[in-house]
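Survey of secondary and tertiary structure
Each chain, written out:
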Amino acid sequence: SLRHHLQAVVSTQSGHYGRDPMAHAPAPWPMPDMSQHAMMPSQNNDKNSDQMYMKRFKQFVLSLKDDINEDQAVTEYRKYRSEFKRSSISKFFKMHKNEEWLKERYHPDYVERKKKELRACKVKRLDVYRRVMDLGLLNGSGVCHEDQERLMKALDAAVILMEGGTEFDLTILDGRNGDKPLVAIPVTKLKKEKPKDKEDDNSDDSDGQVVQSPASPADDEKKLPQPLHKPQSLFVRSLTPLITRDDLLQVVRNQNIPGFLRLAMDKPQPDRKYYRRAWVTFAHNTDIKEACQILMNSKVEKYDHDLNVVINRELSKRVRFVPAYTRSLFVLQDDVKYLEQLLTVLDTSAKLWNVAEPLVKDDDEDGTENDNEGEDVAYEYHNPMIEELRRYHEQRLQFPVLERELDQGETDEDEIHMISDDRKLDVIDKAILYLRIVHMVDYYNATEFPNEDEMPNKIGVFHIRGPAEAAVSKSTLQDVNEWKAQFKGKIEAIIDELKGVTINKEEQQEIGLKKEEEAVEDFVRENTEEQGPGKYLCPLSGKKFKGPEFVRKHIFNKHAEKVENVKKDAVFWNNYVLDPKRQMNPLFAPVGAHTNPSHHNNVNNVTPSVNTNVNNRGNYHNYPSYSFPTPFPPAPAPKGRKVVNYNDLDAPDEYDVLGL
């Protein structure tokens, strides 16, 4: 039968020939009792907890009856797979739904607040971009190796303006007025200094002449342009997922460290038990060593979590190169298309480049315009760079020889149509710089940094085209086609995410979405307890009523906030489920991992305890390491001949049979 055949295959492929090599092997030392260990949850006999990972098809068939045929086995496995996936996603959501990182991504309140903050940030960065353009700092700056220094100077100028600097501060990029070195002011001295009144700064003598008070180091510093593009920062290596941004912000502010600018927190690290990292940014003249020492001695009292803080290293290799054959006309045609899509989606989501007057809708009978901003008002989007890109594509990227080559080149050595003069790419470079400054998108790396405005470097890593001479001598048409294929997958993934592309209908039905009305009805039903004939209790308030309809009315009137939270929780769940890139536990066991639940624990899938502190001491790499025997020694390698695979070479793969 199918079951007996697969059982033989599984036993053979296991390498142990159906025998557990550790079944009769004596333990090298007495096995310790780990059931009470704080870091290893005790195993229970619940059938729902005996499987961390989904079974493969061959393993699943072994649990079925002997007389089952192939079609029935495939049908049963599909049902098992759907139920296991739904259960795994639900468990992960319930485990992490109270953690801030998941709320920031999917909870409607957090999502709406993040949209407003991101829009305000991009509006400010758009204003900076226009100022940089007006000053002519981007004129003649190509996104290429040859204009690297000029390009970085323009980006540094944009950062200075973002940090609140003036045109006078921009002179520090030219080396003017910078002969006098800037000295970091100690934190303790800044703490003791008190702001002086304006009356104390200048005093009038009897002759009516103004006499200035002696200049302080801070006054001398104000006379010089400030390097606002070089702030200093501290790096927090690990934070338990339960610590929120406000918790860490309160710790930093309680220390009263002058020069504090902002705080950024990273996404959780699944491979590190969903711990998070953070960056604390200070002004350029802060004594960062003393600030680091102060925060090293601090902790998040709410969770008894010590802060493992180190001085953040400066960004290495801020400018990075992509292959120079990105100058090829093959690539440039795709670039125009992708840039137009990115500009449209990003500008529209941030409501940038809208015309001053809203459009009149067709359903407005009186034909009057509504000047109130809201969702029911349509605005016309008009970014002049869109028209420039289209015109550039029609005038410069359409050549008869190129149309012939685009069909299919005869060999990999065909002409790749390089543009050696980067000044001819000014329209494309302008759009790439606009994306980097305003929307925080590194185009050639196909990466978006939505939280970059909170990071120490407001314009960090930037990828540009490499030296042109390298492309002419070494590049082939095959290299160009491979780049196009890889870049297409990356950039389309970003565009789909920006457009809000969700999972397909089948997967939505498989996992199960929640309806707000049904969730509210379930909430009312759960909080309506019948205690006898004509006696109903509302557990939320402890009040009793004569009928369920009175309890329902009471819940909607007196507990409207909780009803609203139920609706938001339904939206919270739906947003999480609909995301194709949602975080979740792995469905299948990693390669080489034990599939028997008795051989492992759930440490990797459980939110760590608040008392767990990774790296709770500084400079821990300098401490000697000690080795302790592991409680579960590895199984000895099987002896004998090499394992032979007895699978039928003509038989289809198991995933082909399942239609996966």
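Quantities reported herein were computed from a predicted structural model and do not represent experimental measurements. (Residues numbered from 1 in each chain as written. Predicted model: local features only at pLDDT ≥ 70, side-chain atom pairs only at ≥ 80, totals over all residues. Heavy atoms only, no water.)

Let us look at the overall build of the protein. From N to C terminus, the protein includes 23 helices and 15 strands. When the 660 residues of the protein are sorted by exposure, 36% land in the buried category. About 40,000 Å² of surface is accessible on the protein, with carbon and sulfur atoms providing 49% of the total. (Helix = DSSP H or I, 4+ residues; strand = E, 2+ residues; numbered from the N terminus. Buried < 20%, exposed > 50% of the residue type's maximum accessible area, 1.4 Å probe, protein only. Areas by Shrake-Rupley, 256 points an atom, 1.4 Å probe, with all protein chains shown as cover.)

With that out of the way, let us pick up the packing of helix 20 (residues 516-526) against helix 21 (residues 548-558). Relative to each other, helix 20 and helix 21 sit at 115°, their axes nearing to 10 Å. The hand of the helix 20/helix 21 crossing is right-handed. Listed contacts from helix 21 to Val520, Glu521, Phe523 and Val524 of helix 20 are Arg552, Ile555 and Phe556. Broken down by class, the residue content of the contact of helix 20 with helix 21 amounts to five nonpolar, no polar and two charged. (Axes fitted to C-alpha atoms, helices over the stretch in contact; angles between N-to-C directions. Left-handed = near helix turned anticlockwise from the far one by under 90°. Contact = heavy atoms within 4.5 Å. Nonpolar A, V, L, I, M, F, W, Y, C, P; charged D, E, K, R; others polar.)

Mapped onto the secondary structure, Phe93 falls in helix 3 (residues 70-96). Note: C-alpha distance between Phe93 and Asn585 (492 residues apart in sequence) is 10.0 Å. Discounting chain neighbours no more than four positions away, the residues touching Phe93 are Leu102, Phe572, Trp573 and Tyr576.

The next subject is the nonpolar core. The nonpolar side chains of a soluble globular protein tend to be buried with one another. Tyr443 and Phe462 are the most contacted members of the largest nonpolar core, which has 64 residues in total. At the level of secondary structure, the elements contributing two or more residues to this core comprise helix 5 (108-134), helix 6 (148-162), strand 9 (319-322), helix 13 (329-350), helix 14 (384-396), helix 16 (426-438), strand 12 (462-465) and helix 18 (477-499). Ranked by the residues each element gives to this core, the list is headed by helix 13, at 11 residues. Non-local contacts of Phe462, meaning those with residues more than four positions away in its chain, are made with Val143, Leu151, Met152, Leu155, Arg318, Val319, Arg320, Ile432, Leu433, Arg436 and Asp442. By size, the runner-up hydrophobic cluster in this structure holds 23 residues, among which are Leu249, Ile257, Ala291 and Ile294. (Core = buried A, V, L, I, M, F, W, Y, C linked by side-chain atoms within 4.5 Å.)

Moving on, we come to the pairing of strand 5 (residues 276-282). Across the seven residues of strand 5, six count as buried, placing the element largely inside the fold. Taken together, the six bridges between strand 3 (residues 232-239) and strand 5 define a ladder with antiparallel strand orientation. Pairing of Gln232 across the sheet is with Phe282, part of strand 5. Pairing between strand 4 (residues 260-265) and strand 5: five bridges, direction antiparallel. Bridge pairing links Arg262 to Thr281 in strand 5. (Pairing = 2+ DSSP bridges.)

This paragraph deals with the packing of helix 13 against helix 14. One can describe the packing of helix 13 onto helix 14 by two numbers: an axis separation of 10 Å at closest approach and a directional angle of 165°. On the basis of their axis angle, the class for helix 13 and helix 14 is roughly antiparallel. Classified by chirality, the crossing of helix 14 by helix 13 is left-handed. Here Gln333, Val336, Leu339, Glu340, Leu343 and Thr344 of helix 13 come into contact with helix 14, specifically with Met385, Ile386, Leu389, Arg390, Tyr392 and His393. (Parallel < 35°, antiparallel > 145°, perpendicular 65-115°, else oblique.)

Turning to the pattern of salt bridges, a few remarks are in order. A full pass over the atoms with the stated rule returns 28 salt bridges. Its salt-bridge partner being Asp266, residue Arg277 comes within 2.6 Å of it at the nearest N-O pair. On the criterion of sequence distance, the pair formed by Arg277 in strand 5 and Asp266 in the loop between strand 4 and strand 5 is long-range, its members being 11 residues apart. For the salt bridge of Glu521 with Arg552, the shortest nitrogen-to-oxygen distance reads 2.8 Å. A residue pair is termed long-range when its members are at least 10 positions apart, and Glu521 in helix 20 and Arg552 in helix 21 qualify at 31 residues. One network of salt bridges, in which partners are shared, links Arg125, Arg436, Glu452, Asp453 and Lys458. (Salt bridge = Lys/Arg side-chain N within 4 Å of Asp/Glu carboxyl O.)

Read from one edge of the open sheet, three strands run 13-14-15, paired in antiparallel fashion. Strands with a single pairing partner mark the edges of an open sheet, and in this sheet they are strand 13 (529-532) and strand 15 (543-545). Neighbour-to-neighbour, the strand axes of the sheet open up by a mean angle of 35°, direction not taken into account. Two strands pair when backbone bridges link them, and strand 13 and strand 14 (residues 535-538) are joined in this way by three bridges, in the antiparallel orientation. Bridge pairing links Glu530 to Tyr536 in strand 14. The sheet strands contacting helix 21 are strand 14 and strand 15, and the helix crosses strand 14 at an angle near 20°.

The next subject is the sheet that holds strand 3. As summarised here, the arrangement of the four strands in space is 4-5-3-8, forming an open sheet in which the pairing is antiparallel. The sheet is open, and its two edges are formed by strand 4 and strand 8 (309-311), each paired on a single side. Pairs of neighbouring strands in the sheet enclose a mean axial angle of 20°, with direction left out of account. Packing of helix 12 (residues 288-296) onto the sheet brings it into contact with strand 3, strand 5 and strand 8, and relative to strand 8 it is tilted by some 170°.

With that settled, the discussion passes to the packing of aromatic side chains. Applying the stated criterion across every chain, the model contains 22 aromatic pairs. Centre to centre, the rings of Phe92 and Trp101 are 6.4 Å apart; their planes meet at 65°, and the pair counts as edge-to-face. Classification of Trp101 by relative accessible area gives buried; the value is 7%. Clustering of aromatic rings is evident, with ring pairs tying together Phe92, Phe93, Trp101, Tyr106, Tyr274, Phe572, Trp573 and Tyr576. Across the ring face of Phe588, the terminal group of Arg56 is positioned such that the distance to the ring centre comes to 4.0 Å. Geometry around Trp353 places Arg130 over its ring, the cationic atom sitting 4.7 Å from the centre. (Phe/Tyr/Trp six-rings, centres within 6.5 Å; stacked < 30°, edge-to-face > 60°. Lys NZ or Arg CZ within 6 Å of the ring centre and 35° of its normal.)

Below, the discussion takes up a negative patch on the surface. Taken together, the side chains of Glu516, Glu517, Glu518 and Glu564 make up a negatively charged region of the molecular surface. Ranked by residues supplied to the negative patch, first place goes to helix 20 with three residues. Summarising the element assignment, Glu516 is placed in helix 20. (Patch = residues over 30% accessible without salt bridge, like charges linked within 9 Å, V, L, I, M, F, W, Y side chains within 5 Å. Lys, Arg positive; Asp, Glu negative; His and termini not counted. Charge placed at Lys NZ, Arg CZ, Asp CG, Glu CD.)

Given a rise of 1.5 Å per residue, 27 residues ought to cover 39 Å, and the 39 Å separating the end C-alpha atoms of helix 3 matches this to within 8%. Restricting attention to buried positions, one finds in helix 3 the residues Ala73, Val74, Tyr77, Tyr80, Ser82, Phe84, Lys85, Ser88, Ile89, Phe92, Phe93 and His96. The opening residue of helix 3 is Asn69, an N-cap whose side-chain oxygen sits 3.3 Å from the backbone nitrogen of Asp71. (Expected span 1.5 Å × (residues − 1). Polar contact = N/O pair within 3.5 Å; in protein donor to acceptor, adjacent residues only side chain to side chain.)

Among the secondary structure elements, Trp483 is positioned in helix 18. Using a relative accessible area of 14% as the deciding quantity, one classes Trp483 as buried.

For the protein, mean pLDDT is 76; residues scoring 70 or higher make up 67% of the total. No element of the protein has a lower mean pLDDT than strand 2 (residues 210-212), at 36, and none a higher one than strand 10 (residues 441-442), at 96. Residue range residues 597-635 is modelled with pLDDT below 50. Its contacts to residues more than four positions away, or to other chains, number 60 contacts. Within the model, pLDDT remains below 50 along residues 646-660, and this stretch shows 19 contacts once partners closer than five positions in the same chain are excluded. (pLDDT = per-residue confidence, 0-100.)

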